Structures are given as structure tokens and as C-alpha cells.
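Examining the three-dimensional arrangement
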Amino acid sequence: MICCRRISKKVDLATERRRFAKASDLIETVALDHMRKRNANYLELDNEEAIMLLNGLERVYSTCTPSFIHPDRIGEFLNCVKLKKIAHLRWERAGFVVILSPFENVPASSPLPIKPHKNEKDNQIQPVSKDAFLNDNDCCSNEELIKKIQEKILEAINAERPFNASAYGHEGITETLRTAIYAIQSPTTFQGFFARILSKSSRVQFLRISYDDGSAGGLFPLFSLKKLEIRPECSVIIKLGLMSIRHSESLDVITDGYLIRNSEMNWQDSYGEQEWFAHQQMMKLVDALLEIEHSVEIHLYHTGLQPAVVGVYRAVVDQLKNHRGRVIVVPYFARGGDGFTEVCYVPSEAWY
């Protein structure tokens, strides 16, 4: 709770976030161990009940949300949340600890208290098929990993739940999102019924993003661009590192600068705010470059951090909608640097 107060006052945020995360992990580990070894009481909640409980935690704690309610605050909590399953805790003067089932450290998707986003002109969420993803990309990541992330994205969309971008590495996230930016073209009248169903299911879908700290990211627009048959030619190439400080020994000599200062990300209060900041920085950069150049190809050298990556490529999709044919972004991923080989960077599939 001391960490919560210091975080709310923005005191040494990086240190306090680390302390808060470690303390939370310890509390949840002890509770789980107690439940398993001593046959302690526990309750399983369904999605609606979990969302109700998480909303209650937010109302009680307001600024920073631990994963528990102390017995002294159980009455205050139950006044906010009318959840019959835990109503008896008031009379027993007992608290509780929240543990995500099935007891995984990093769930691929989780029922966070975020209002579902309905697509425009839709009365219900349109189901998405795995056939909506591109499968012809020249990816650097493991093919099985890409398929796994695609499955989790589909699960999140079709179940109206957020996708946890903290669950996978930045390379896999980038390349999987790349497979989902283009819409399937409308079939001709000569194509079969199944093809028409697929085209309807691949309308623009807004993927809700969540992170390990419980914060929410922006809505990532999937299947929102028409695929160009020919890659545009740009008048200038800019080489940028994603964030300063990280990998500076290898990036300083090959890049023209950095998109984001590492210190600027540390100033943000949550991963969701880091994502928003990265999105804004990329939007401003592209706008500024297109004021002085007709078109630009950005080689973006990755330095990790999933919120930064998601925010940047959400901005890339936004700018591709605004300036189609004038913007190309090519991700570059680090290879080597293990003490035996020098660091080199390999390009992934371009976004255009």
C-alpha cells in the first residue's frame, strides 16, 4: 500500500512499480501455496463475476489496484460490489486474494474491466476465422509462435476479451499483427458461399489490448487496409532506433536517431500510457517527415518493450490510412550479440 501511495504521487515511478510487482507476486504466491497445501477455501468466478470484482477493486483503490482486499476493507468493498458468492466475507471479517485461473503467470487474454467495442453499423461482434490472416509473410519469428498468437487474438476477438500483449515477445507481436492488417478482398459473384462468409467475417475488427500491470491499451484496427499489389517506392529512407539507451552500442552507429527517449517511457504511469505515448510519437514523426518529403521509408530498429511496439504499429496503421502509398515501415530485429557473434539486424516484412 505504501507503493500504491507513492505511485499515485508519481514518486520514483520505475522503482515503485518494480516493488509493487514483486510484492503482488509474493502475496499471490503465498495465497496459492496456502490454498494448495492447507486445503483453504477458494471460489471460482466466471467472466461476468470477474469483471464485477475487478471493477470493485478499481473503485476501492482508485489510483493503483492491488490484487487483494484486506479484511478491514471488506465491508467497503462489498458495498461497491453486490457479488453473492463472497457476501459471507462481511460477517466472517475475511479478506481475499485474486489469482488468475488456470494459475498462469501471463495469461494470453483476460477479462479486464473494459467496455466492449462494437464495430460501426454492427449490432453484434462479427466472428473472425483464422483464414482472415495472411499466411504468405516472410517472418523472422517461429512459424508455430505466429500461429499461436493468431489463435489467441482470434480467441480474444470472438470472446470479446482483451488480448494480453505482455504474454509474447515484441518480434512475435509485430509479425502477427502484420498478418492481420489487410482485409480479405470481397469475393466475386462466381465464388462460393464460404468465401462470402469469410469476407463478411474479416471486416475491420478492433482488438482490445491489455498488459500485465492491468492497464488497457488502445484499440488495434485489424483487417482494415486494402492490400497493395505493388510495394510503393519512397523518396527517402530514415533509419531509427525504437528507444534510446537500449542497445545503444550497436544502434548509435547505424541509425539517424531514436523515436522515443527511454526516460520519456519511464515517466508514464502504466504500460497503457506507454503505448499511448509511443503512438503519439510515431504519429508526429510521420506527419513531420511528410511535410518535407513526398514519401518516406522508415527502417525501425527494435529495442523490445511490447507497449512501445504496439503503440508504434497502431500509429503505422493509422498513418497508412491517412497517407497510403507515401509511407513504408520496415521492422528490424536484433540477432547475435551473445558474446560469440556481433549484433546484426535483419528486416522483417514491411508495412505499407
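The shown structure was predicted, so the numbers you read here are calculated from the model rather than taken from an experiment. (Residues numbered from 1 in each chain as written. Predicted model: local features only at pLDDT ≥ 70, side-chain atom pairs only at ≥ 80, totals over all residues. Heavy atoms only, no water.)

Attention now moves to the nonpolar core. Phe163, Leu207 and Trp351 are the most contacted members of the largest nonpolar core, which totals 62 residues. Here this core gets nine residues from one element, more than from any other, and that element is helix H12 (residues 306-322). In contact with leucine 207, not counting residues within four places along its chain, are Ile153, Ala156, Ile157, Phe163, Leu177, Gly218, Leu219, Phe220 and Leu222. (Core = buried A, V, L, I, M, F, W, Y, C linked by side-chain atoms within 4.5 Å. Buried < 20%, exposed > 50% of the residue type's maximum accessible area, 1.4 Å probe, protein only. Helix = DSSP H or I, 4+ residues; strand = E, 2+ residues; numbered from the N terminus. Contact = heavy atoms within 4.5 Å.)

Below, the discussion takes up the packing of helix H7 (residues 170-178) against H12. For any two helices packed against each other, the geometry comes down to the angle between their axes and how far apart the axes lie. H12 packs onto H7 with a crossing angle of 20 degrees between their chain directions and a minimal axis gap of 9 Å. Comparing the axis directions of H7 and H12 gives the class roughly parallel. Seen from above, H7 lies across H12 with right-handed handedness. Residues His170, Ile173 and Thr174 of H7 touch H12, and the partners they reach there are Gln306, Val309, Val310 and Tyr313. Of the residues in the contact of H7 with H12, the class split is four nonpolar, three polar and no charged. (Axes fitted to C-alpha atoms, helices over the stretch in contact; angles between N-to-C directions. Parallel < 35°, antiparallel > 145°, perpendicular 65-115°, else oblique. Left-handed = near helix turned anticlockwise from the far one by under 90°. Nonpolar A, V, L, I, M, F, W, Y, C, P; charged D, E, K, R; others polar.)

Glancing now at the sheet that holds strand E10 (residues 344-347). Here five strands make up an open sheet; going across it, the order is E7-E6-E8-E9-E10 and the pairing mixed. Looking at the sheet topology across the chains shown, the edges are occupied by strand E7 (257-260) and E10. Across the sheet, the mean angle separating the axes of adjacent strands is 35 degrees when strand polarity is ignored. (Pairing = 2+ DSSP bridges.)

So, about unusual backbone geometry. Positive phi outside glycine occurs at lysine 10, with the angle close to 60 degrees. Following the sequence through the fold, lysine 10 ends up in the loop between helix H1 (2-8) and helix H2 (13-37).

Turning to the pattern of salt bridges, a few remarks are in order. Any two side chains of opposite charge can pair, given that their charged atoms come close. If you walk through the whole model with that rule in mind, you get 12 salt bridges. Notably, a salt bridge pairs lysine 85 with glutamate 49, separated by 3.2 Å at the nearest N-O pair. Highlighted residues: lysine 85 in the loop between helix H4 (74-80) and helix H5 (89-92) and glutamate 49 in helix H3 (residues 47-61), separated in sequence by 36 residues. Take lysine 85: its relative accessible area is 36%, and that puts it in the partly exposed class. You can call glutamate 49 buried: its relative accessible area is 16%. Between aspartate 72 and arginine 93 there is a salt bridge, with its nearest N and O atoms 4.0 Å apart. Taken as a pair, aspartate 72 in the loop between strand E1 (68-69) and H4 and arginine 93 in the loop between H5 and strand E2 (96-97) lie far apart in primary sequence, 21 residues in all. (Salt bridge = Lys/Arg side-chain N within 4 Å of Asp/Glu carboxyl O.)

Right, let's talk about H12 for a bit. If you check H12, its first and last C-alpha atoms are 24 Å apart, about what 17 residues at 1.5 Å a residue would give, namely 24 Å. Most of H12 is tucked away: 14 of the 17 residues are buried. (Expected span 1.5 Å × (residues − 1).)

Tracing the sequence through the fold places glycine 272 in helix H11 (residues 271-292). Residue glycine 272 is classed as buried on the basis of its relative accessible area, which comes to 10%. Residue contacts for glycine 272: discarding those within four places in its chain leaves Tyr211, Ser215 and Ala216.

Turning our eyes to something else, we now look at the confidence of the model for the chain. Looking at the chain as a whole, the pLDDT averages 81, with 84% of positions reaching at least 70. This model gives residues 102-124 a pLDDT under 50, and the stretch forms 57 contacts once residues within four places in sequence are excluded. Within the model, the stretch residues 186-202 combines pLDDT values under 50 with 16 contacts to residues more than four positions away or in other chains. (pLDDT = per-residue confidence, 0-100.)

A few words on the sheet that holds strand E3 (residues 163-164). Strand order in the open sheet formed by three strands is E3-E4-E5, and the pairing between neighbours is mixed. This sheet does not close on itself; its edge strands, each paired only once, are E3 and strand E5 (216-222). Inspection of the sheet shows strand E4 (residues 205-210) paired to E5 by five bridges, in the antiparallel sense. Bridging across to E5, phenylalanine 206 finds its partner in proline 221.

Right, let's talk about the packing of H11 against H12 for a bit. Close contact between H11 and H12 brings their axes to 7 Å; oriented N to C, the two are set at 40 degrees. The two elements H11 and H12 meet at a crossing, and its hand is right-handed. Contact residues: H11 offers Tyr271, Gln274, Glu275, Trp276, Ala278, His279, Met282, Met283, Val286 and Asp287, while H12 offers Pro307, Ala308, Val310, Gly311, Val312, Arg314, Ala315, Val316, Asp318, Gln319 and Asn322. Per-class residue counts for the contact of H11 with H12 are 12 nonpolar, five polar and four charged.

Considering all chains together, one arrives at eight aromatic pairs under this definition. Each ring, one from phenylalanine 77 and one from phenylalanine 96, has its centre 5.3 Å from the other, and the planes form 65 degrees; the classification is edge-to-face. Within this pair, whereas phenylalanine 77 is found in helix H4, its partner phenylalanine 96 is found in strand E2, the two being separated by 19 residues in sequence. When sorted by exposure, phenylalanine 77 lands in the same class as phenylalanine 96, which is buried. (Phe/Tyr/Trp six-rings, centres within 6.5 Å; stacked < 30°, edge-to-face > 60°.)

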